[in-house]
Structure formats: structure tokens, C-alpha cells
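Geometric and topological summary
Chain by chain, the residues:
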Amino acid sequence: MDRVKVFVRRHALWIGIVAVAIPLAAHLWLQYESLRKLQATLPVSRRAFMRQYLSGVLNQTMMAFEERVDVVLNVPAGAFRYRFPDREHISEDQFDIRRVFDWPAIANHFRENQFRGARLFFVSAVSGPKEPTFAVVRFYDPVSCSFAYFPTEQERGAAHAASASWTAFTMVFTHPNSLQLTVDERDPKNRAIVKPIVDENSRVLGVAGMFVDENYFLQEALATEIGRTLPQKFPEDFRDAVIAVFDRDRRVLFANQPFEGAPFDVNWPIPFLFKDRYISMKMRTMTEEQYSRRYFIENLTFSILTALVLLGGIALTLRAASRAMKLSQMKAEFVSNVSHELRTPLASIRVFGEFLKLGRVRDREKIHEYGEYIETESRRLTQLINNILDFSKIESGQKTYKFEPARIEQVVRDTLRTFEIAFEQNGFTIRLEASEQALPEVVIDTDAIGQAFINLLDNAVKYSGESKEIVVKLGVEGEFVAIAVRDRGVGIAREEIGKVFDKFYRVGNNLVHDVKGSGLGLSIVKHIIEAHRGKVMVESEPGRGSTFIILLPLGEPPQSAARPGRLKAQLQTYSEEMS
Ligand code: ADP
């Protein structure tokens, strides 16, 4: 059970990613499948939608047209003089052709009800010497506003044909059940709409009719309705939509925009008034199959991208979580390490202090030795506490620096002198190599640089192992003053080098070393040196030792941070020189 727990904790990141990736992959697969099905059915449903749209547009246009025609043809019954006779008493003048229509009343009606959809109006009624046996038709020209119009044979024929079905009712003295407008399209050039004009008993007195202006119907009524409804029904691609009306020979009678190429996706017969016409629709740039393919690709790409972003986000979150876990683990180790670091020297100080206090030790040399020991240990404690305090200031952003011109050589020598005895006690020899000429002054915070240098020296001592020789080298490298600390100790593995400057990080494998520490020293060094716009670097080889190099800019601390590429080259020459 514990093994499982440890495994889960160690591989939390990968387990998390796999746990998310599997359902995500399943989701993607399902998405792919449904998109594929959609790709197959989309053209069918889009065509059905287009068909529905076209029929809706036609219905709407027709209805509006019909409503208007109904008003326009609603000639008052009084304009037709014919009276249904009592069969016994038919008088001559009731069939007098001149007296059948009230001309001014009809003209007045058409003048008042102008309609651009009508090319020509006509009225029709019946007459006959004894009985109503023949029909008469008179034309009214809406352009000249008069009955002075000479129709062609075709026009006359079409008007008679369209009216005949209604006038027949007069001739046979019966009345129709429905009084709706009727359409006669037998002559496509003269498509007629007629309306029966009836008396109060629904008996047909005559007929009012008109020839449809097809141009108006297509270019204005239909075009307006398409312009109004297309953007609502096809909000994404209405600019692309081509709607055209064809005759039986596929001649174009109307198109809402120029088009060419692929055949139309939908062809729909016009039901009323233009039965010999077709209305058709397609998208200008793409066929429905291409459209659905694009839809498929777009959606799939979007899904894949979303999945990737999701996966990336989860990986980042898990990484942050695993880092946080690692950090908390490192903090716990830090507390235990620091406690150990504090407890051991404190215990020795107490014991040696007690010896001295009780006066048990009389030998002057011993007293001197104990005193030195106490001094060294308390110095180490001070350094540890300084590091912890520095770290807490750095973390809370309160660490400040007091920059002033100083000589690096002086800072290094002072520090070495302070720790000389401690080094000697532990059998270390520290060699300082500095060029003959004095190094130029640098603007630094001497305490902070001293602290950084101590940390490097302390590490060199701690991780020296058997070898007890440490070399400190000072010099000028281009625009920098360099302090290098080299030891011949355990060294650092290549993959660890990038991490040793992280806070709390320790190369914590007992096979490498069992030296206690806080894991703060190098992170503080890095912070201090970067605050000086300098750089700290390390060259190391396991088993052969390490060289830590601090590079500090000459003169005023430069405005921008030193360029790492260049520093890297300098570091290389420097460490080559040292070894
Ligand atoms: P610590 O208190 O552990 O020394 P540091 O931040 O000073 O913390 O160092 C981090 C880690 O870097 C150390 O735990 C050690 O493994 C490695 N390290 C630092 N200096 C040296 C060195 N001179 N030689 C070998 N390893 C070193």
C-alpha cells in the first residue's frame, strides 16, 4: 500500500496527465465520429432548410401580392350596370353593350388604386339582345389612365379566357360558392389575375382583371423579400447565397447576385402564378459538400486545439502542484537540517562553556583551544542565522543593499582572515591568487559580497571531502572583477548543476555527500550577485571538484544585466586558467 502511495506521489504529474488524457482522447474520438456523421447529413439538412426558405419567401411574396391585387381589383359593384332580370321581364336596354359599364366609376377606381405589379387592367361583363349570351372585355391602361387602349389579339384572348369562367355564371343565372381570385397562366406573356364582381346575392355582375408585370414581381416584390429575409435565415453566409428564377428552358429571369459555375443545390417550382418557373438556390463559393467538409475540419481543429490547451493547462497545474509538493518537502527537510545545524554547535558550546565555567580545565593551551572552538562554532551559527535572516528578507522583498566603492581584494582578505583559524583547525589550506596590480574599485555592498563569498568558501570546505585544498582567485575579466573559489571535492553531477542555486535545493543523495546544510547558501549568493548586476556560475565535475565564479561589473553597476552568452565565454577561459 505504502509502495503505491510513494509511486503515486513520485509520478503524480504523469498519472494526472494520463488520467486526463484518456477521457480527453475518448471525448475527441466521439467528437470526431459525430462530426463525421454530421458531415454526411449536413448537406441534406442544409438543402432541406434552403427549400423551406425558398417556399417561405415565395409564400410571403405571393400573399402580399395577392392581398394588394385583391384590393386593386375590387371594382365597386355599381360600376357594372347589369341587373339580373326577372326571367319574364327582360328589357332590351339591360343588354345594351354601351350601358353595361359605368366607365367613369371604373376609371376612377383604377386611378385611385394604382399598382405597379399590374401591366394592364381589364373589365369584363356579359350582354346579348335577349339573354346574356356573349361577353365583352374592355381594357384600361394604367400608364395613360384611359380606356383608349388597343389590345393585341393575344391580350384580348387572354383576358377573355381568364374572365370566361366567371362570366359563365352570369349566363347560366347561377352564383359561385367561392369568390377568390383566379389565375390564368395559359398565355405566359399575359398572365392574368381576375376577380368576380358580385351583387349582394353573390351573383356575378362582371369581372375585374389585370395582367401581371412579371418584371415587377421578380425584381421588386421577390427581390425585396429575399433582401429582407436572407440575412435573418442565413446570418453567416447570406452574402454568399445565390437565388435565381429560371424558366423551363433554364433561362435566368432573376438573380439576386451574379453567379456562375456549379449547379444549384435546390430547385423549387413556383406554385402559383408562375407555375412554369423555378426558383433555385446555392452558395456562390462552395457546394454544400464543400461547406460541410469545411465545417468538419474547422470543428475538429477547434476540438483538438481545445484539448491541447486543456492538456497543457492541466500539465502546468500539475507541474505547479508537484513543485509545491517538492518545495514543501524541501522546507520540511530544511527545518530538520537547520535544527541539526543549530543543535550540534550549541551542544558543543554549552559543554565547553561548562568546562571553562567549572574551572576543570587548567591547562592554558586547552583553555585557548576551547575558547577558539567556541568562537568558531558561534561564528558558524552567526553565519547560518545570517543566511536565514537574509533569505527571509529576500523572500519578503525587504532585502536592501548599500552600494559604495570598495576594493574586492580587501573584502576577500578580511573574510579569509576571519575564518583563518577555523580553516586551519579543520586542516584546510586556502591559497589566494591575485594579480600583482591592484584590482580596480567596484561599487558593491561589502557586507553582502562578504556574505556571498563566505557561503562559497563554506561550501568549498563542506564539500571538499578528503582533499583539503581550496584556491581563491581574483582577477579582472573584461568589464568584470571575478572572484573564483575552487575546491577539489565531491563535485556536482551535470544534471544537478542547474538546480543548486534554487532555494532549499540540496543534492540530497547520501551517496553524493552526507553533509548537513540548509539549502539556502547558493540561492542567497545568486540573489546578492544579481542585485549587483553580476552573475554567478559554476563549473564542476563529480569527484574532481567545483569552481564557483562571481563576476561583478566594474565601476557603477551596469543598467542592464550582463549578457549570459558573453559571461559563459568568460567563465570558460577563467576556469581553464584555474585548472
Ligand atoms: P547547503 O546548505 O546544502 O550547502 P547551498 O545552497 O549552499 O546549500 O548548496 C546547495 C547544494 O549545492 C548543496 O546541497 C550541495 O549539494 C551543492 N554544492 C554547493 N557547493 C558545492 C561544492 N563546492 N561542491 C559540491 N557540491 C556543492
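Read on for a plain summary of the structure. (Residues numbered from 1 in each chain as written. Predicted model: local features only at pLDDT ≥ 70, side-chain atom pairs only at ≥ 80, totals over all residues. Heavy atoms only, no water.)

1. A few points about the site of the ligand
Formally: For this description, a residue counts as near a given molecule or strand if any of its non-hydrogen atoms is within 4 Å of it. In the analysis that follows, any N or O atom pair within 3.5 Å is treated as a polar contact, provided that within protein one partner can donate a hydrogen and the other can accept it, and provided that, for residues neighboring in sequence, both atoms belong to side chains. Each accessible area value is a Shrake-Rupley result obtained with a 1.4 Å probe; residue values ignore everything except the protein chains displayed when judging cover. In this description a helix means any DSSP run of H or I spanning at least four residues, a strand means any run of E spanning at least two, and both kinds are numbered starting from the N terminus. Under the convention adopted here, Pro, Cys and the residues Ala, Val, Leu, Ile, Met, Phe, Trp and Tyr are nonpolar, Asp, Glu, Lys and Arg are charged, and Gly plus all remaining residues are polar.
Residues in contact with the ligand amount to 20 residues; listed here are only the nearest, Asn459, Tyr463, Arg506, Ser518 and Leu522. Contacts to the ligand include Val507, whose backbone N or O atom sits 3.3 Å from an oxygen atom. About the coverage of the ligand: the protein hides 98% of its 530 Å² of free accessible area. Within the residue set of the shell around the ligand, elements represented by two or more residues are α9 (446–462), α11 (521–531) and β16 (545–553). Broken down by class, the residue content of the shell around the ligand amounts to 9 nonpolar, 8 polar and 3 charged.

2. Considerations on the sheet that holds strand β1 (residues 118–127)
Definition in use: Here the rule is simple: two strands pair whenever DSSP picks up at least two bridges between them. Angles run from 0 to 180 degrees between N-to-C directions of axes, and those axes are lines fitted to C-alpha atoms, restricted for helices to the stretch in contact.
Taken together, 5 strands build an open sheet; the order of strands is β2-β1-β5-β4-β3 and the sheet is antiparallel. Each having just a single partner strand, β2 (134–140) and β3 (182–184) make up the two edges of the open sheet. With direction set aside, neighbouring strand axes in the sheet form an average angle of 25 degrees.

3. Side note on the pattern of salt bridges
Cut-off, in case you're wondering: Just to be clear on terms, a salt bridge is a Lys or Arg side-chain nitrogen sitting within 4 Å of an Asp or Glu carboxyl oxygen. Exposure categories follow from relative accessible area, calculated using a 1.4 Å probe and restricted to protein chains: below 20% of the type maximum is buried, above 50% is exposed, and the middle band is partly exposed.
Counted by the stated rule, this structure contains 31 salt bridges. The shortest N-O distance in the salt bridge between Asp70 and Lys195 comes to 3.1 Å. Taken as a pair, Asp70 in helix α2 (residues 12–72) and Lys195 in strand β4 (residues 192–198) lie far apart in primary sequence, 125 residues in all. Owing to a relative accessible area of 11%, Lys195 belongs among the buried residues under this scheme. Residues Arg486 and Glu469 are paired through a salt bridge, measuring 3.8 Å at the closest nitrogen-oxygen approach. A residue pair is termed long-range when its members are at least 10 positions apart, and Arg486 in strand β14 (residues 480–487) and Glu469 in strand β13 (residues 469–477) qualify at 17 residues.

4. Regarding the side chain of Gln257
Selection rule: Between two residues, a contact is recorded if the distance between any of their heavy atoms is within 4.5 Å.
Within the element layout of this structure, Gln257 appears in the loop between β7 (252–255) and β8 (266–269). Exposure remark for Gln257: the relative accessible area of 16% places this residue in the buried category. A polar contact of 2.9 Å, which involves the side chain of Gln257, links it to the backbone oxygen of Arg239. At 2.7 Å, the side chain of Gln257 forms a polar contact with the backbone oxygen of Ala241. Dropping the residues within four chain positions of it, Gln257 is found in contact with Arg239, Asp240, Ala241, Val242 and Arg284.

5. Digging into the packing of α9 against α11
Rule in force here: Here a crossing is taken to be left-handed if its near helix is turned anticlockwise relative to the far helix by less than a right angle, and right-handed if that turn runs clockwise.
It is at 9 Å that the axes of α9 and α11 come closest, and there the two elements cross at 145 degrees. Handedness of the α9/α11 crossing: left-handed. Residue-level contacts link Ala448, Ile449, Gln451, Ala452, Asn455, Leu456 and Asn459 of α9 to Gly521, Leu522, Ile524, Val525, Ile528 and Ile529 of α11. Residue composition of the contact of α9 with α11, grouped by class: 9 nonpolar, 4 polar and no charged.

6. Here we look at the packing of helix α7 (residues 364–395) against helix α8 (residues 408–425)
Cut-off, in case you're wondering: The scheme is simple: roughly parallel for angles under 35 degrees, roughly antiparallel for over 145, roughly perpendicular for 65 to 115, oblique for anything else.
Packing of α7 against α8 brings their axes to within 10 Å, and their N-to-C directions diverge by 115 degrees. Judged by the angle between their axes, α7 and α8 are roughly perpendicular. Where α7 crosses over α8, the two elements pack in a sense that is left-handed. Residue-level inspection shows Glu372, Tyr373, Thr376, Arg379 and Gln383 of α7 in contact with α8, the latter providing Thr418, Phe419, Ile421, Ala422 and Gln425. For the contact of α7 with α8, a count of residues per class yields 4 nonpolar, 4 polar and 2 charged.

7. Quick look at the side chain of Ser523
Along the chain, Ser523 turns up in helix α11. The class for Ser523 is buried, based on a relative accessible area of 11%.

8. Points about the sheet that holds strand β15 (residues 535–541)
Strands belonging to one sheet form pairs held by backbone hydrogen bonds; the direction of such a pair is parallel or antiparallel. Taken in spatial order, the 5 strands of this open sheet run β11-β13-β14-β16-β15, and their pairing is mixed. For this open sheet the edge positions go to β11 (429–434) and β15, each flanked by a neighbour on one side alone. Averaged over all neighbouring strand pairs, the angle between strand axes comes to 15 degrees, with direction disregarded. Strands β11, β13, β14 and β16 of the sheet are contacted by α9, whose axis makes an angle of about 25 degrees with β14.

9. Description of the nonpolar core
So the rule is basically this: By nonpolar core is meant a set of buried Ala, Val, Leu, Ile, Met, Phe, Trp, Tyr and Cys residues that side-chain atoms within 4.5 Å join together.
Core analysis: the largest hydrophobic core is formed by 51 residues, its most contacted members being Phe65, Met210 and Met281. Ranked by residue count, the leading element in this core is α2, at 9 residues. Look past the residues within four positions of Met281 in its chain and what remains in contact with it is Met50, Tyr53, Leu54, Leu230, Phe234, Ala241, Val242, Ile243, Phe264, Asp265 and Val266. Residues Phe391, Phe428, Val461 and Leu552 belong to the second largest nonpolar core, which totals 50 residues.

10. Side note on empty space enclosed by the protein
Quick reminder of the rule: Here a cavity denotes grid points, spaced 1 Å and computed from the protein atoms alone, that fit a 1.4 Å probe unable to get out, and a pocket denotes an open set having protein on both sides within 12 Å along at least 5 of 7 lines; residues with an atom within 4 Å of a point are the lining. Grid points are joined across faces, edges and corners, and a volume is the space filled by probe spheres set on the points.
Taken as a whole and assessed by the stated rule, the structure comprises 1 cavity of 30 Å³ or more. In this structure, the largest cavity spans a volume of roughly 40 Å³. Every residue along the wall of the largest cavity is listed here: Glu372, Glu375, Thr376, Arg379, Thr418, Ile421 and Ala422. Listed by contribution, the elements that provide at least two residues to the lining of the largest cavity are α7 and α8. The greatest single-element share of the lining of the largest cavity, amounting to 4 residues, is contributed by α7. When the residues that make up the lining of the largest cavity are grouped by side-chain class, the tally is 2 nonpolar, 2 polar and 3 charged.

11. Notes on the packing of aromatic side chains
Counted only if it meets this: Stacked, tilted and edge-to-face pairs are distinguished by plane angle, under 30 degrees for stacked and over 60 for edge-to-face with tilted covering the rest, among Phe, Tyr and Trp rings (Trp via its six-membered ring) whose centres lie within 6.5 Å. A ring has a charge above it when a Lys NZ or an Arg CZ is no more than 6 Å from the ring centre and no more than 35 degrees off the ring normal.
For the coordinates displayed, the defined rule picks out 32 aromatic pairs. Taking the centre distance of 5.3 Å and the plane angle of 90 degrees together, the rings of Phe65 and Phe217 count as edge-to-face. With Phe65 in helix α2 and Phe217 in helix α5 (residues 214–233), the pair connects residues that are 152 residues apart, well separated along the chain. One exposure class covers both Phe65 and Phe217, and it is buried. Ring plane angle 35 degrees and centroid distance 6.2 Å describe the contact between Phe139 and Phe211, whose orientation is recorded as tilted. Placement of Phe139 in strand β2 and of Phe211 in strand β5 (residues 204–212) is noted, with a sequence separation of 72 residues between them. The pair formed by Phe139 and Phe211 is uniform in burial state, with each residue classed as buried. An aromatic cluster of at least three residues, connected via ring pairs, comprises Phe80, Phe101, Trp103, Phe110, Phe121, Tyr140 and Phe147. The cationic tip of Arg250 hangs over the ring face of Phe246; the distance from NZ or CZ to the ring centre is 3.9 Å.

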